[in-house]
Amino acid sequence: MPLLILDLVRPDDLQSRTNGGLPTDLLRQVKDVGQLHHLAARAWTAMRIAAEADGVQLNPRFPGNAYRPFEQQERIFRERYRAEDTDEGRRLRVQRRPHKMFQGKRWYQRPNTAEAASPGSSNHGWGLAVDVDSVELGGRFPWLERNAVRFGFSWELQSERWHVRYVRAEEVPRAVLDVEANGPGGDDGGTEPKEDDEMTPDQARKLELIYNALCGGLERGGIDPGSIDLGGPILTTHHLAHLLIAGQDRVADPQTIAEAMVEQLDQELVTEIHVALGSELNKRTRGPR
Ligand SMILES: [Zn+2]
């Protein structure tokens, strides 16, 4: 499966700020990571607690993988890229290496380096991105793949499995609120029965993915996604749909998209999706037991 890359919504209090030049009152110190924007810090902290409850240490070693002041991003960028008006830059240009714009010049990426955002454009400079240390070890990547979206994080580049960023701005995800209110057990402490009691967390997440994919397809087809209510832990954001469907442009109609999604995600949900897409668009359906 490709990584989920959702559109990022930037928190309102970053609107008039400078990338890499955030005031300290917008940042929070986060264990083992460094500093993050306060909303990203909340989401990351809740996600880390949930991961620990599952025996996964998300970031065990290196602080400094989060917010980066402009100077730090520039240092990293200059290590990995060379300007077009340098000898090495000219050689890299001939080799058709990838390039980025910075200070009005093309900068070419040196071999055996990871991609870096141009200084002033990185989500690390907004305090929204985290580089997960040794993401392939300790069960971190599989755990993130299952849970990151629930906590408001998604990836940014297919080539960077370690780099996730918080995308939900002020719309704090329910999983974050649950951990904040009830600890890593999430909603176990509540007395009110929840809508999704019949679904496993994994199925709830898959249903959420499918719903969002559907919304994107329906909008293209001129159907108001608001006319569908699948019930359960559904996010109203449509960002996911655009991403998931982006790779499937040849698929024109929502039902085909939904079926393709379901095949990838969860066979058990096929029936639910058919109901949702059929004549009973307003029918409230429940997740499978
Ligand atoms: Zn990164």
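Residues numbered from 1 in each chain as written. Predicted model: local features only at pLDDT ≥ 70, side-chain atom pairs only at ≥ 80, totals over all residues.

Peer 1: What am I meant to see in the overall build of the protein here?
Peer 2: Helix and strand content of the protein: nine helices and eight strands. Sequence separation of at least 24 residues holds for 70% of the intrachain contacts in the protein that already meet a minimum separation of 6. (Helix = DSSP H or I, 4+ residues; strand = E, 2+ residues; numbered from the N terminus. Contact = placed C-beta atoms within 7 Å.)

Peer 1: How do you make sense of the pairing of strand β5 (residues 105–109) when you look at a structure like this?
Peer 2: Across a regular strand the side chains alternate sides, sitting on one face of the sheet and then on the other. As judged from the three bridges shared by strand β3 (residues 81–83) and β5, these two strands associate in the antiparallel manner. Residue pairing across strands places Y81 opposite Q109, the latter belonging to β5. In this structure, strand β4 (residues 99–102) lies alongside β5, joined through four bridges in antiparallel fashion. Residue pairing in the sheet places F102 in a bridge with K105 of β5. Here β4 folds back onto β5, and the loop between the two strands holds two residues, one of which, Q103, carries a positive phi near 55°. (Pairing = 2+ DSSP bridges.)

Peer 1: How should I be thinking about the sheet that holds β4 in this particular structure?
Peer 2: Strands pair in a sheet through their backbones, by hydrogen bonds, and they do so in one of two ways: parallel or antiparallel. In space, the three strands of this open sheet follow the order β3-β5-β4, with antiparallel pairing throughout. Each edge of the open sheet is held by one strand with a lone partner, namely β3 and β4. Neighbour-to-neighbour, the strand axes of this sheet turn through a mean angle of 35°, independent of strand direction. Against the sheet, helix α3 (residues 87–94) makes contact with β3 and β5, and its axis sits at roughly 105° relative to β3, the strand it touches most. (Axes fitted to C-alpha atoms, helices over the stretch in contact; angles between N-to-C directions.)

Peer 1: Teacher, can you tell me more about the sheet that holds strand β8 (residues 163–166) here?
Peer 2: Taking strand neighbours across the sheet as the criterion, the three strands line up as β6-β8-β7 in an open arrangement whose pairing is antiparallel. The sheet is open, and its two borders are formed by β6 (129–131) and β7 (153–155), each paired with just one other strand. For this sheet the average axis-to-axis angle between neighbouring strands, irrespective of direction, equals 30°. Against the sheet, helix α1 (residues 38–53) engages β6, β7 and β8, with an angle of about 120° to β8.

Peer 1: What exactly am I supposed to notice about the nonpolar core here?
Peer 2: The tendency in soluble globular proteins is for nonpolar side chains to be buried as a group. If you look at the biggest cluster of nonpolar residues, it comprises 35 residues, and the most contacted ones within it are A43, W44, M47 and F153. Sorting the residues of this core by element identifies α1, β6, α4 (140–147), β7, β8 and α5 (174–182) as the ones contributing at least two each. Looking at this core, the element that brings in the most residues is α1, giving nine residues. Discounting residues that sit within four places of it in the chain, F153 has contacts with A43, M47, A148, V164, R165, Y166 and V167. Counting seven residues, the second largest nonpolar core, distinct from the first, contains F77, Y81, A116 and A117. (Core = buried A, V, L, I, M, F, W, Y, C linked by C-beta atoms within 7 Å. Buried ≥ 20, exposed ≤ 12 C-beta atoms within 10 Å, placed from the backbone.)

Peer 1: Quick question: what am I supposed to make of the pairing of strand β1 (residues 27–30) here?
Peer 2: Here four bridges tie β1 to strand β2 (residues 34–37), and the two strands are oriented antiparallel to one another. Residue Q29 lies in a different strand from β2, and its bridge partner there is Q35.

Peer 1: I would appreciate a short explanation of the confidence of the model for the protein in the present structure.
Peer 2: As a general rule, the predicted coordinates of low-pLDDT regions are not to be interpreted in detail. On average, residues of the protein score 76 in pLDDT, and 63% of them reach the 70 mark or higher. Segment residues 187–197 is flagged for pLDDT under 50; beyond a separation of four residues in sequence, or across chains, it makes 13 contacts in the model. In this model, residues 228–252 is a region of pLDDT below 50 whose contacts with residues beyond four sequence positions or in other chains number 64 contacts. (pLDDT = per-residue confidence, 0-100.)

Peer 1: What should I look at first to understand unusual backbone geometry in this one?
Peer 2: Outside of glycine, negative phi angles account for most residues, and trans bonds account for most peptide bonds. Despite not being glycine, Q103 has its phi angle at roughly 55°, a positive value. Within the secondary structure, Q103 is located in the loop between β4 and β5. In this structure, A169 is a non-glycine residue whose phi angle is positive, near 50°. Along the chain, A169 falls in the loop between β8 and α5.

Peer 1: Before we go on, may I ask you to explain the packing of α1 against α5 in this structure?
Peer 2: How two helices pack is summed up by the angle between their axes together with the distance between the axes. Put simply, α1 and α5 touch, their axes get as near as 9 Å, and they point 70° apart. Accordingly, the angle class assigned to the pair α1 and α5 is roughly perpendicular. In this structure, α1 meets α5 at a crossing whose hand is left-handed. Along the contact surface, α1 presents R42, A43, A46, I49 and A50, while α5 presents A175, V176, V179 and E180. When its residues are assigned to classes, the contact of α1 with α5 shows seven nonpolar, no polar and two charged. (Parallel < 35°, antiparallel > 145°, perpendicular 65-115°, else oblique. Left-handed = near helix turned anticlockwise from the far one by under 90°. Nonpolar A, V, L, I, M, F, W, Y, C, P; charged D, E, K, R; others polar.)

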